[in-house]
Amino acid sequence: MATVSSAPAPGMHQIDLSKLNLQQLAQLKQQLDQEMTVFQDSLQTLKIAQGKFMESGECVEKMTPDCKGKSILVPLTGSMYIPGEISDTDHVLIDIGTGYYAQKDIEGAKDYFQRKVTFVTEQMDKIKMLGIEKSKIHKAICMMIEMKMQAQMQAAKQAAS
Amino acid sequence: MAEEIQRKMQKELEQLSGIQKEYRKAVAQKQQLDSQLNENKAVKEELVLLKKDAEVYKLIGPVLVKQDLEEATQNVTKRMEYISKEIKRADDHIFALENKQEALQENLNKLKNDLNKLKLKA
């Protein structure tokens, strides 16, 4: 669960693309490609996390006082269940990370999952913005590479004629 | 003479690739620490939000053990301090490796130039 800051990293400075040579441009492009893949991966992971929180949130919604005394199959292992009965419909235990579980009432649990979904969605938006930014730079670099290539070809032609 | 320079270059290159490997490892480690710190931060926020009499459990192996809220909060805070220190250490390590890499790169470039000059002369 990494928080994403959109502030530029220290030591970053503007580079005039037109001053770089072809090799440097290619290197920069490769670096950007890598960064964009990282963004895609993070987005994927966040999406999964978001889905999990939403699912849990929906589950708490279904925990009404009516459920008290109803039978339920409790998974002991992934493939073995024993019958059980819901005795407490007012509280749930929530995994809040790093091995800690907190008991919350239904309202608190709903609020918790809502907050988590909002948090994850915010992070996703941030990453999306960064991704758009990167792809803009990527495009600019590609254009610059093309321009330089053409200039080089032209120069070669002139030299030949 | 040229052979000697080539040998030197070979050695420096090996060194450089070793440091690059170490560098990547250090960066990955730092990223892991970062994510751990962030997770702990989220847990702490959650613990602070809890009511005073809320029950908190800690997962130890497959069992949940009841824990004092106060104790849990202290525990997480301590862990955050520790991780922060580790991150600082990792940062220093990464910085040192960066410097080493640069120095080696410069050296290599110099050797390459020497070699080229020798070749031109020959």
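Predicted model, so just to flag it, every value in this text is computed and none were measured.

Engineer: Explain the pattern of salt bridges residue by residue, including any values.
Structural biologist: Residues and elements named next belong to chain A. Within this structure, the stated rule accounts for eleven salt bridges over all chains. Here Lys134 makes a salt bridge to Glu35, at a shortest N to O gap of 2.5 Å. On the criterion of sequence distance, the pair formed by Lys134 in helix H2 (residues 106–160) and Glu35 in helix H1 (residues 22–62) is long-range, its members being 99 residues apart. The class of Glu35 is partly exposed, set by a relative accessible area of 26%. For Arg115, the salt bridge goes to Asp111, with nearest N and O atoms at 3.4 Å.

Engineer: Account for the packing of H2 of chain A against helix H1 (residues 2–49) of chain B, naming residues and giving values.
Structural biologist: In the contact formed by H2 of chain A and H1 of chain B, the axes pass within 13 Å of each other and the chain directions differ by 150 degrees. Our classification of the angle between H2 of chain A and H1 of chain B gives roughly antiparallel. As for how H2 of chain A packs across H1 of chain B, the hand of that crossing is right-handed. Only Ala42, Glu46 and Leu49 of chain B of H1 of chain B make contact with H2 of chain A, whose side of the interface consists of Tyr112, Arg115 and Lys116 of chain A. Of the residues contributing to the contact of H2 of chain A with H1 of chain B, the split by class is three nonpolar, no polar and three charged.

Engineer: Explain the UniProt feature "coiled-coil region" (unreviewed entry) in chain B to me, using residue names and the numbers behind them.
Structural biologist: According to UniProt, the positions carrying the feature "coiled-coil region" (unreviewed entry) are residues 2–53 and 87–121 of chain B. Along residues 87–121 of chain B one finds 100% helix and 0% strand; the C-alpha atoms at either end are 51 Å apart.

Engineer: Outline the UniProt feature "coiled-coil region" (unreviewed entry) in chain A, supporting the account with residue identities and numerical values.
Structural biologist: Mapped onto this numbering, the UniProt entry annotates "coiled-coil region" (unreviewed entry) at residues 15–42 of chain A. In the segment residues 15–42 of chain A, helix accounts for 75% and strand for 0%; the C-alpha atoms at its two ends are 27 Å apart.

Engineer: So what's going on with the sheet that holds strand E4 (residues 100–105) of chain A? Which residues, and what values?
Structural biologist: Ordered by their spatial adjacency, four strands build an open sheet running E3(A)-E4(A)-E1(B)-E2(B), and the pairing between neighbours is antiparallel. With one partner strand each, in any of the chains shown, strand E3 (91–97) of chain A together with strand E2 (63–67) of chain B form the two edges of the open sheet. Here the strands of the sheet are splayed against their neighbours by 35 degrees on average, with no regard to which way each runs. Across three bridges, E4 of chain A lies against strand E1 (residues 56–60) of chain B in antiparallel orientation.

Engineer: Please give an account of a nonpolar patch on the surface that cites residues and values.
Structural biologist: Residue and element names in this part refer to chain A. On the surface, Ile72, Val74, Leu76, Met80 and Ile82 cluster together to form a nonpolar patch covering roughly 410 Å² of accessible area. Elements that contribute at least two residues to the nonpolar patch include exactly strand E1 (71–77) and strand E2 (80–85). If one sorts the elements of the nonpolar patch by residue count, E1 sits on top with three residues. Within the element layout of this structure, Met80 appears in strand E2. Given the relative accessible area of 43%, Met80 is considered partly exposed.

Engineer: Which residues make up the interface of chain A and chain B, and what values go with them?
Structural biologist: Listed by partner, the interface residues are 17 residues for chain A and 22 residues for chain B. Taken over both partners, the interface formed by chain A and chain B buries close to 1700 Å², and the fraction arising from carbon and sulfur atoms is 56%. In terms of surface lost to chain B, no three residues of chain A exceed Thr98, Tyr100 and Tyr101 of chain A, which account for 39% of the buried area on that side. Seen at the junction of chain A and chain B, the total is three salt bridges. Contributions of two or more residues to the side of chain A that touches chain B are made by E3, E4 and H2 of chain A. The element that contributes the greatest number of residues to the side of chain A that touches chain B is E4 of chain A, accounting for six residues.

Procedures and definitions
- Residues numbered from 1 in each chain as written.
- Chains lettered and ligands numbered in written order.
- Predicted model: local features only at pLDDT ≥ 70, side-chain atom pairs only at ≥ 80, totals over all residues.
- Heavy atoms only, no water.
- Salt bridge = Lys/Arg side-chain N within 4 Å of Asp/Glu carboxyl O.
- Helix = DSSP H or I, 4+ residues; strand = E, 2+ residues; numbered from the N terminus.
- Buried < 20%, exposed > 50% of the residue type's maximum accessible area, 1.4 Å probe, protein only.
- Axes fitted to C-alpha atoms, helices over the stretch in contact; angles between N-to-C directions.
- Parallel < 35°, antiparallel > 145°, perpendicular 65-115°, else oblique.
- Left-handed = near helix turned anticlockwise from the far one by under 90°.
- Contact = heavy atoms within 4.5 Å.
- Nonpolar A, V, L, I, M, F, W, Y, C, P; charged D, E, K, R; others polar.
- UniProt positions renumbered as here; feature names shortened; annotations may be inferred.
- Pairing = 2+ DSSP bridges.
- Patch = residues over 30% accessible without salt bridge, like charges linked within 9 Å, V, L, I, M, F, W, Y side chains within 5 Å.
- Areas by Shrake-Rupley, 256 points an atom, 1.4 Å probe, with all protein chains shown as cover.
- Buried area = accessible area lost by both parts, 1.4 Å probe.

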